[in-house]
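What the coordinates show
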Amino acid sequence: MESYKILITGGHGFIGCHISHILKKLGHTVGVIDNYTDYKYYDIKLYRKVLAQRIKYAKADNIYLRDILKCETVFEKFKPDIVIHLASCPNANMLLGNIAQETKIAITGTLKILQLCVEHKVQRFVYASSSMVYGDFLTEAPDEIHPTNPKTLYGSYKLAGEQMIKSFNKDYGLEYSILRPSAIYGTRDMIIRVISKMAKSAMEKSEIDINGVHSKLDFTDVSEVAEAFIHGALHKGAVNQIFNCSRGRGRTIIEAARIVKDCMGQFSCKLNIKNSDSSYPVRDTLDNSKLKSITGWEPKIDIEYGIKKYISWFKENND
């Protein structure tokens, strides 16, 4: 297999650290840009630095930048063949508390990275978008041609990034692969997403809040998301394509909460059913058949196993 030099922005984040590990095992040279933004959650910065120390890269591959707009020397020295652009706020709520910073990263930062990719003749640009670009799901299992009508600023920024990438492909011929993940969870997560917040609440309060009795999400294990990004980066059929990246099976949030409760051993844990958040889109199953058929990617982890794996890791790291 041909070996590539692959630069990952946000490479010490939740998805990035998983991608980095796999790429290194496959024999590729991995470079990482990361600024350890804490988003006012101060344990995040410490957590990511500790995690970074556990990841072994080739000499001089790690690059730490406070400002993504000042990364010309990274491209000059590392000379990447492929760029995987993950640098972004982790979710919609956290973006609202960091709007100025995230506008700079999501819009100006993405533009800067695209310009450097063209200047340094990068072969392919892989972009982490989101299922949030669709807004409310209007069909039972939306595919990639479903209308995009984001309800959040987060989804709007992701969609803007997609449009910029398409323009760079049209104007400069830069190859791209865009992936739209859904409801990611798994090991090495911080306490900022649905499953991780449930686990923490069960441990500390013996209760779990659930927004919407009928609310569903297409929960996707981060290890399989990482594999999807690698397919997007390396597979010939992924060139200039947009892919949904999900397990392909919507599950109610109540189902997930009950699994968390059982795995945590908190059998007396109370499930607090609340009204769904009207500011968030109505979601469910996401059609992942395009990514599967083109690249051979095959997600297999359902929440019964995936949450159990995550809770085991969570307990080891939160005693």
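Let me begin by describing the structure that accompanies this report. Please read these numbers as outputs of a predicted model, since none were measured by experiment.

Side note on the packing of aromatic side chains
Counted by the stated rule, this structure contains five aromatic pairs. Relative to Phe219, the ring of Tyr185 lies with its centre 6.4 Å away and its plane at 80 degrees, an arrangement referred to as edge-to-face. Of this pair, Tyr185 sits in strand S7 (residues 184-185) while Phe219 is found in the loop between strand S9 (216-217) and strand S10 (220-221), placing the two residues 34 residues apart along the sequence. For the ring pair Tyr310 and Phe314, a centre distance of 5.9 Å and an interplane angle of 45 degrees mean the geometry is tilted. With Tyr310 and Phe314 both in helix H11 (residues 303-317) and four residues apart, the pair spans about one turn of that helix.

Brief notes about the pairing of strand S1 (residues 5-9)
Buried residues dominate S1, accounting for four of its five residues. Looking at chain direction, S1 and strand S2 (residues 29-34) are connected through five bridges and run parallel. Across the sheet, residue Ile8 finds its bridge partner in S2, namely Val32. As for the winding sense of the linkage, the β-α-β connection from S1 through helix H1 (residues 14-25) to S2 is right-handed.

Details of the nonpolar core
Membership of the largest hydrophobic core comes to 29 residues, with the highest contact counts inside it found for Ile8, Ile19, Leu23, Ile84 and Phe229. If you list the elements that add at least two residues to this core, you get S1, H1, S2, strand S4 (82-85), strand S5 (124-128), helix H8 (222-234) and strand S11 (241-245). If you tally residues by element for this core, the top one is H8, at seven residues. Once you skip the residues sitting within four places of it in the chain, Ile8 turns out to touch Gly16, Ile19, Ser20, Leu23, Val30, Gly31, Val32, Ile33, Ile84 and Leu86.

Some words on the packing of helix H7 (residues 194-205) against H11
Close contact between H7 and H11 brings their axes to 11 Å; oriented N to C, the two are set at 55 degrees. The orientation of H7 with respect to H11, classified from their angle, is oblique. Note on packing geometry: the crossing formed by H7 with H11 is right-handed. Residues Ile195, Ser196, Ala199, Lys200 and Met203 of H7 form the contact with H11, whose participating residues are Ile307, Tyr310, Ile311 and Phe314.

A word on the environment of Thr29
Positionally, Thr29 belongs in strand S2. For Thr29, a relative accessible area of 26% translates into the label partly exposed. Residues Thr29 and Tyr4, spaced 25 residues apart in sequence, show a C-alpha to C-alpha distance of 6.3 Å.

Structural notes on the environment of Lys292
The topology assignment puts Lys292 in helix H10 (residues 289-295). Take Lys292: its relative accessible area is 28%, and that puts it in the partly exposed class. The sequence separation of Lys292 and Cys245 amounts to 47 residues, and the corresponding C-alpha distance is 9.3 Å. For Lys292, the contacting residues outside a window of four places in its chain are Trp297, Glu298 and Pro299.

Some details on the pattern of salt bridges
Considering all chains together, one arrives at 14 salt bridges under this definition. In this structure, Lys216 engages Asp284 in a salt bridge whose closest nitrogen and oxygen atoms are separated by 3.9 Å. In this pair, Lys216 is assigned in strand S9 and Asp284 in the loop between strand S13 (270-274) and H10, connecting sequence segments 68 residues apart. For Glu255, the salt bridge identified is with Arg251, shortest N-O distance 3.1 Å. Through salt bridges with shared partners, a single network forms among Arg247, Arg249 and Asp302.

What to know about unusual backbone geometry
Positive phi values are uncommon outside glycine, yet Lys79 reaches one of about 55 degrees. Structurally, Lys79 can be placed in the loop between helix H3 (72-78) and S4. Classification of Lys79 by relative accessible area gives exposed; the value is 54%. In this structure, Lys121 takes a positive phi of about 55 degrees despite not being glycine. Taking relative accessible area as the criterion, Lys121 reaches 70% and is therefore assigned exposed.

Conventions used here
Residues numbered from 1 in each chain as written. Predicted model: local features only at pLDDT ≥ 70, side-chain atom pairs only at ≥ 80, totals over all residues. Heavy atoms only, no water. Phe/Tyr/Trp six-rings, centres within 6.5 Å; stacked < 30°, edge-to-face > 60°. Helix = DSSP H or I, 4+ residues; strand = E, 2+ residues; numbered from the N terminus. Buried < 20%, exposed > 50% of the residue type's maximum accessible area, 1.4 Å probe, protein only. Pairing = 2+ DSSP bridges. Right-handed = clockwise from strand over helix to strand, strands pointing away. Core = buried A, V, L, I, M, F, W, Y, C linked by side-chain atoms within 4.5 Å. Contact = heavy atoms within 4.5 Å. Axes fitted to C-alpha atoms, helices over the stretch in contact; angles between N-to-C directions. Parallel < 35°, antiparallel > 145°, perpendicular 65-115°, else oblique. Left-handed = near helix turned anticlockwise from the far one by under 90°. Salt bridge = Lys/Arg side-chain N within 4 Å of Asp/Glu carboxyl O.

This is a description of form; function is not addressed.
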